[in-house]
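Listed below are the residues making up each chain.
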Amino acid sequence: MLSDIEQLARAFNCAERVLIITGAGLSADSGLPTYRGVGGLYNGNTSEGLPIEAALSGPMLQRDPALCWKYLAELGRACLGAHANAGHRVIAELQRLKPQCWLLTQNIDGFHRAAGSPDERLIEIHGQLAPLYCQSCGQLEHDLAACLEAQLPPRCRQCAGVLRPPVVLFEEMLPEKALDSLYQQIGQGFDLVLTIGTSASFPYIVEPVLRARAAGSFTAEINPARTELSATVDVYLPGKALDVLPELLGHISGDRICKSTL
Ligand SMILES: [Zn+2]
C-alpha cells in the first residue's frame, strides 16, 4: 500500500500534463504574511478607518494615490525583505522534469520567477509587484526599492505621472492574458492538479481542481489547514509546502518510472 505522498509522486511520474496552483501559504514559509489577494495582509481596517479592500483598490489609486501607495509600499517592503524558499525551488524542478507542467499562482512576490520557474509556463493571476509603470505614459520603472524609499506615491521620471505596479488591486479585473492562458490550458485538460498553500477561495482556483476531478484525473492538496477542497481531492497532505515538497521530490526522483500497478 502506497502512502499518500507516494501516491502523489507516482501520479506525477505518470502524468504528462500537470497544473500546480500556489497561494500565499507557500510564500508564508519565506516569512511573508499570508494575504487574501493583495489585501489579506491586514485584518480589518486601516488606520484611516477604511477597510483594506478599499485602501488597496483601483478606484482609491486614482482618487488618493498616496493613501493607496502607503499600503502598496507595505506589501512591497515585505516582498523585498524576503526570498524564494525550498518549496519554490522544488516546484521549479518539477517543471524542469515535466515540460507540460504549468504553474498558476495567486502570489505577486515574483518568487517563482526567482526560483527558476519558466516564464512561458507561469500564470500570475493576480499580477506582480514589479516593474512599476507610469499610468500616464507607460514608462517602466525597475527600481522598486528606491521608489519605496522616496516620497509616495512614486512618480514617473519622464512625465511625473503616478507609477503603479502591475498587480490586480481590489475592484480591478484579472489580467486578460493570464486568464486566456489559464483557460486555454484548462481546456486541454490536466492529468494531475496539485494545489499548494492556497485557501481556495476563488473560482479560478477551485474550478481546475473540480474539472480534473470530474475528468478522472488525479488531484492533490498540500496545506497545513484543511480547505473546502481537502475532502474533494484524491490526496490531502497536511503540512507546510516547505517540508512536504522536498520530501515529495525525493519520492519522485527515487522512482522516476510510471508504475501503473501497486
Ligand atoms: Zn510617465
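Novice: What am I meant to see in the side chain of asparagine 223 here?
Specialist: Here asparagine 223 is to be found in the loop between β8 (218–222) and β9 (235–237). Here threonine 198 takes part through its backbone oxygen, which lies 3.0 Å from a polar atom of the side chain of asparagine 223. Excluding residues within four positions of it along the chain, asparagine 223 makes contact with Gly197, Thr198, Tyr236, Leu237, Pro238 and Gly239.

Novice: Help me out: how do you make sense of the coordination of the zinc ion in this one?
Specialist: Geometry reference: four tetrahedral donors at a metal, ideal angle 109.5 degrees. Six octahedral donors, ideal angles 90 or 180 degrees. For the zinc ion, the full set of protein donor atoms is Cys134 (SG), Cys137 (SG), Cys156 (SG) and Cys159 (SG), at a range of 2.3 to 2.4 Å. Here the zinc ion is ringed by four donor atoms whose angles at the metal span 99 to 119°, and the overall shape comes out tetrahedral. Read N to C, the donor residues that coordinate the zinc ion are spaced as C-x2-C-x18-C-x2-C. Taken together, the residues span a long stretch of sequence, with cysteine 134 in strand β4 (residues 132–134) and cysteine 159 in the loop between α8 (144–149) and β6 (163–164) at a distance of 25 residues. Residue cysteine 134 is classed as buried on the basis of its relative accessible area, which comes to 2%.

Rules of the game
Residues numbered from 1 in each chain as written. Predicted model: local features only at pLDDT ≥ 70, side-chain atom pairs only at ≥ 80, totals over all residues. Heavy atoms only, no water. Helix = DSSP H or I, 4+ residues; strand = E, 2+ residues; numbered from the N terminus. Polar contact = N/O pair within 3.5 Å; in protein donor to acceptor, adjacent residues only side chain to side chain. Contact = heavy atoms within 4.5 Å. Donors = N, O, S within 2.8 Å, 3.2 Å for Na, K, Ca; no water. Tetrahedral: all angles 85-135°; square planar, octahedral: opposite > 155°, others 65-115°. Buried < 20%, exposed > 50% of the residue type's maximum accessible area, 1.4 Å probe, protein only.

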